[in-house]
Amino acid sequence: MKYDLVIKNAQLVDENVNIFGSIGIKDSKIAAIADTKNTLDASRVIDAEGRTIIPGVFDPHCHLGVNYDYDEDMRTEMAAAARGGITTAFLYIRNKEPSYIPFYKDRRTRGEANSIIDFGLHFGIQREEHIHEIPTIAKETGVQSFKLYFGYEPDNPIGIIPANDGWVYATMREVAKLPRGVVSVHCENTSIARWVKEELLETGRTDLAAYSESRPVLCEIETIKRMIFLASKTGARLQVVHTTAGQGADLAAAARAEGIDVQIETCPHYLVRTAYDKDIGVEAKISPPLRDNEQKEWLWRGMKNGRIFSLGSDHVPFFPKKSESVWTEKPGVVSFPWELALMLNHGVHERGLPLQRLVQLNSANPARRFGIYPNKGSLNVGTDADIVLVDLDLEKEVVHEGKGTCIYSGMKLRGWPVLTISRGEVIFENNQVNESLYGRGRCLIFPGMDK
Ligand SMILES: [Zn+2]
């Protein structure tokens, strides 16, 4: 067979495979993976020179079109994702109109006109009509993943409509009926946080750690416990997103042992940064907040022992922050271009996290959770050729040139993506994203759907 593209002399690593050899791509699919030193016949052959091939990162958690125009974000941020070795990104996206159907069509069309990588959508429950519409949304759009937001006061600067327990219960009951249904919850008890915040405001503190201390870990743990209880009563799959509390991972493990389907996601910033780091300030406000070293290392234990299921970037580009007061600043940072490098450096190199385990956390498991594994997230023959060539020993400094706030600038990291392939096409190489390929990305069609 003549392949379209072959990468030879590569260590090929996914959740199940770890061999040295070649990977062959034909018609946008992985067509061969072999422990051969012979060169497979191909239109283009890339010599990996011993470097590593892993499945493209599947980032299940980002927010685009929040401050900047959606079309523009789908162009610039998805290009930033390609640079970071991400080949699929899912947006948690909200709509305040009564129906999600026109919204889906609009965001899908505009996304496909601009994105360089494949993408998918999770919908936020922002009013009661959305809960009633869940069966129709699933049927018409294929989206079976819904998010509810605790942790935002009614007057929050982002305009998120917070959930209540009734919304969660009703949403879980509906989503439990769907074959791929998942309910994601932002877990933070705002009513407790409000009291603690009032006390902190009286002290006059405006630093980053004051914000973290105003939303203590117990707020997150309380809501995780309540959501696990509701999941147990409804049979819904629960996804605890952007978890900052190590104990959250242990609680979920205990619940799974009792047959409750709950999984824990965490984000690179909670694994790399704390609110007490001297070189960051108010701009590092994130919701939920950065914690301390104890929580950070507890999360790393969860990354290693399997109690944490997946990674999400929570990448959100806001307009440049004013850095005036931590209490009025918008929460959120960007990390698409560095997430993989951060995990290779701080996880694989510094903490001995096995590379196969990292691949599971940032490719296989998120794809599995949202119903797209193994077509995304594996190196299986016959699946989409979404792969990334990684130089595990390349050392480079984080330089931020795009939108949003980066809290890693100047950090020297070892281990970087150097070439990204999406459905067989090279979209990033020689430090350049191929801009002529903007608009090639597709909104994912789920198994069993033909639209
Ligand atoms: Zn988020």
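Because the structure is a prediction, the values reported are computed rather than measured.

S.K.: Would you mind going over the domain arrangement of the chain in detail, with residue names and values included?
M.R.: Domain annotation of the chain identifies domain 1 (3-52 + 383-392 + 414-435) and domain 2 (56-369). On a C-alpha basis, the centroid separation for the pair domain 1 and domain 2 is 30 Å. Each partner contributes residues to the interface: domain 1 has 27 residues there, and domain 2 has 26 residues. Of all residues in domain 1, the largest losses of buried area upon contact with domain 2 belong to Glu-15, Arg-414 and Val-433, amounting jointly to 30% of the total for that side. Joining domain 1 to domain 2, the criterion identifies 2 salt bridges. Put simply, Arg-368 and Glu-15 hold a salt bridge, and the shortest N to O gap is 2.8 Å.

S.K.: Before we move on, could you go through the sheet that holds strand 8 (residues 118-124) and cite the residues and values that matter?
M.R.: One open sheet holds the 8 strands; their spatial order is 6-7-8-9-10-11-12-13, and the pairing between them is parallel. The sheet is open, and its two edges are formed by strand 6 (57-62) and strand 13 (310-311), each paired on a single side. Both strand 7 (residues 86-93) and strand 8 contribute to a ladder of 6 bridges, which runs parallel. When the sheet's bridge partners are listed, Thr-88 is paired in strand 8 with Asp-118. Contacts from helix 2 (residues 101-112) reach strand 7 and strand 8, with the element oriented near 155° to strand 8.

S.K.: Hey, could you go over the environment of Asp-27 for me, with residue numbers and the actual values?
M.R.: Within the fold, Asp-27 resides in the loop between strand 2 (18-26) and strand 3 (29-34). Of the residues examined, Asp-27 reaches a relative accessible area of 56% and is grouped as exposed. Once the C-alpha coordinates of Asp-27 and Leu-5 are considered, the two residues, 22 residues apart in sequence, prove to be 9.6 Å apart.

S.K.: Any details on the coordination of the zinc ion? Residues and values, ideally.
M.R.: By definition of the ideal shapes, a tetrahedral metal site with four donors has angles of 109.5 degrees and an octahedral site with six donors has angles of 90 or 180 degrees. Binding of the zinc ion to the protein goes through His-61 (NE2), His-63 (NE2) and Asp-314 (OD), at separations of 2.0 to 2.2 Å. Taken in chain order, the donor set of the zinc ion reads H-x1-H-x250-D. One end of the pair, His-63, is in the loop between strand 6 and helix 1 (70-83); the other, Asp-314, is in the loop between strand 13 and helix 12 (339-351), and 251 residues separate them in sequence. Judged by its relative accessible area of 12%, His-63 falls in the buried class.

S.K.: Provide a residue-level description of helix 13 (residues 355-369), including the pertinent values.
M.R.: Residues separated by three or four positions in an α-helix point in the same direction, a consequence of the helix having 3.6 residues per turn. With 15 residues, helix 13 extends 20 Å between its outermost C-alpha atoms, agreeing within 8% with the 21 Å of an ideal straight helix rising 1.5 Å per residue. Helix geometry: helix 13 is bent most strongly at Leu-361, by close to 40°. Across the 15 residues that make up helix 13, a large majority, 12, are buried. Every buried residue of helix 13 is listed here: Leu-355, Arg-357, Leu-358, Val-359, Leu-361, Asn-362, Ser-363, Ala-364, Asn-365, Pro-366, Ala-367 and Arg-369.

S.K.: Describe in detail the pairing of strand 10 (residues 182-186), supporting the description with residues and values.
M.R.: Burial analysis of strand 10 places 5 of its 5 residues in the buried class, which makes it a mostly covered element. Residues Val-182, Ser-184 and His-186 point to one face of strand 10 and Val-183 and Val-185 to the other, with burial holding for every one of them. Two elements, strand 9 (residues 145-149) and strand 10, share 5 bridges in a ladder whose sense is parallel. What sits directly across from Phe-146, in strand 10, is Val-183. In this fold, strand 9 hands off to helix 5 (residues 165-175), which returns the chain to strand 10; that crossover is right-handed. Here strand 10 pairs with strand 11 (residues 238-240) via 3 bridges, running parallel. When the sheet's bridge partners are listed, Ser-184 is paired in strand 11 with Gln-239.

S.K.: Can you lay out the packing of aromatic side chains for me, pointing to particular residues and giving the numbers?
M.R.: Summed over the entire model, instances satisfying the criterion amount to 8 aromatic pairs. Consider the rings of Tyr-68 and Phe-319, whose centres lie 4.8 Å apart with planes at 90°: the pair is edge-to-face. Of the two residues, Tyr-68 sits in the loop between strand 6 and helix 1 while Phe-319 sits in the loop between strand 13 and helix 12, which places them 251 residues apart along the sequence. In this structure Phe-319 comes out as partly exposed when scored by relative accessible area, which is 41%. An aromatic cluster is defined as three or more aromatic residues linked by ring pairs; in this entry it consists of Phe-58, Phe-90 and Phe-370. Residue placement shows Lys-147 over the ring face of Tyr-92; its charged tip is 4.6 Å from the ring centre. The ring of Phe-150 carries the charged tip of Arg-226 above its face, separated from the ring centre by 5.2 Å.

S.K.: Pulling in residues and values, what's your account of the pattern of salt bridges?
M.R.: Two side chains that carry opposite charge are able to pair once their charged atoms sit near each other. On inspection of all chains with the given rule, the structure shows 33 salt bridges. A salt bridge links Glu-220 to Arg-291; the nearest nitrogen and oxygen atoms lie 3.7 Å apart. With Glu-220 in helix 8 (residues 217-234) and Arg-291 in the loop between helix 10 (268-272) and helix 11 (293-305), the pair connects residues that are 71 residues apart, well separated along the chain. On the basis of relative accessible area, Glu-220 is assigned to the buried category, the value being 1%. For Glu-425, the salt bridge identified is with Arg-440, shortest N-O distance 2.6 Å. Taken together, the positions of Glu-425 in strand 16 (residues 425-429) and Arg-440 in the segment after strand 17 (432-433) put the pair 15 residues apart, joining distant regions of the chain.

The rules we used
Residues numbered from 1 in each chain as written. Predicted model: local features only at pLDDT ≥ 70, side-chain atom pairs only at ≥ 80, totals over all residues. Heavy atoms only, no water. Domains from an automatic or database assignment. Contact = heavy atoms within 4.5 Å. Buried area = accessible area lost by both parts, 1.4 Å probe. Salt bridge = Lys/Arg side-chain N within 4 Å of Asp/Glu carboxyl O. Pairing = 2+ DSSP bridges. Helix = DSSP H or I, 4+ residues; strand = E, 2+ residues; numbered from the N terminus. Axes fitted to C-alpha atoms, helices over the stretch in contact; angles between N-to-C directions. Buried < 20%, exposed > 50% of the residue type's maximum accessible area, 1.4 Å probe, protein only. Donors = N, O, S within 2.8 Å, 3.2 Å for Na, K, Ca; no water. Expected span 1.5 Å × (residues − 1). Bend = angle between axes of the 7 residues up to and from the residue. Right-handed = clockwise from strand over helix to strand, strands pointing away. Phe/Tyr/Trp six-rings, centres within 6.5 Å; stacked < 30°, edge-to-face > 60°. Lys NZ or Arg CZ within 6 Å of the ring centre and 35° of its normal.

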